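A look at the structure
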Amino acid sequence: QVQLVESGGQLVQAGGSLRLFCAASGGTFSSYGMGWFRQAPGKEREYVASISWSGANTRYGDSVQGRFTISRDNAKRSVYLQMNSLKPEDTAVYYCHVPLWGMDYWGKGILVTVSS
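The residue count restarts for each chain, going from 1 along the sequence in the order it is written. This being a predicted model, a pLDDT of at least 70 is required before a residue's local features are given, and a value of 80 or more before pairs of side-chain atoms are given or counted; all residues contribute to the totals for chains, interfaces and linings. Side-chain calculation: all heavy atoms of the structure are included, whereas hydrogens and water are not.

**Quick word on the environment of Gly8**
So the rule is basically this: Comment: elements are numbered from the N terminus, with helices defined as DSSP H or I runs of at least four residues and strands as E runs of at least two. Should any heavy atoms of two residues lie within 4.5 Å, those residues are considered in contact.
Examined against the element boundaries, Gly8 turns out to sit in the loop between β1 (3–7) and β2 (11–13). Placed 69 residues apart in sequence, Gly8 and Arg77 show a C-alpha to C-alpha distance of 16 Å. For Gly8, the contacting residues outside a window of four places in its chain are Leu18, Arg19, Leu20, Phe21 and Ile110.

**A short note on the packing of aromatic side chains**
This is how the line gets drawn: Ring pairs are drawn from Phe, Tyr and Trp, using the six-membered ring of Trp, whenever the two centres fall within 6.5 Å, and their geometry is named by plane angle: stacked under 30 degrees, edge-to-face over 60, tilted for the rest. The cut-offs for exposure are 20% and 50% of the maximum accessible area for each residue type, with area from a 1.4 Å probe on protein chains only; residues under the lower value are buried, those over the upper are exposed, and the others partly exposed. Only Lys NZ and Arg CZ are tested; either one counts as a charge over a ring when it is within 6 Å of the ring centre and within 35 degrees of the ring normal.
Taken as a whole and assessed by the stated rule, the structure comprises four aromatic pairs. Relative to Tyr80, the ring of Phe21 lies with its centre 5.6 Å away and its plane at 90°, an arrangement referred to as edge-to-face. With Phe21 in strand β3 (residues 18–25) and Tyr80 in strand β8 (residues 78–83), this pair connects stretches of sequence that are 59 residues apart. Accessibility expressed as a relative area gives 33% for Phe21, which makes it partly exposed. With 5.1 Å between their ring centres and 70° between their planes, Phe37 and Trp106 make a pair best called edge-to-face. Note that Phe37 is positioned in strand β4 (residues 34–39) and Trp106 in strand β10 (residues 103–106), a separation of 69 residues in sequence. On the basis of relative accessible area, Trp106 is assigned to the partly exposed category, the value being 34%. Ring pairs connect the aromatic residues Phe37, Tyr47, Tyr95 and Trp106, which therefore count as one cluster. Just above the ring of Tyr80 sits the side chain of Arg19; from NZ or CZ to the centre is 4.4 Å.

Shown next as structure tokens:
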């Protein structure tokens with residue numbers, strides 16, 4: 001069983017930056033990939049970024065490519081999402097995600113609001 005807790009969400013102005021944190025407990029942290037998704041009001045959940053267990057491989061959704069950076073610190077059992085050049089359309093609840101052994105583990109989500 002994996003538990004995920006997000007933090008770092010807040011109100012920020014367009015063009016600004018924000019860093020999200022996800023702390024994981026349970027399982028062998030350094031053995032599983034992790035990712036971020038987001039869900040804006042009235043929209044479906046959207047893939048944002050993911051990172052391999054070693055951190056060597058990362059992938060991004062088209063809407064955040066070049067602006068967001070995902071990273072992890074296995075010693076701290078944490079994954080991060082650095083968000084730069086934020087836009088109002090980045091406003092959403094952001095969820096930390098772990099796919100493991102056919103199961104999907106999700107955090108409760110953290111709200112990010114970008115004002116224009």
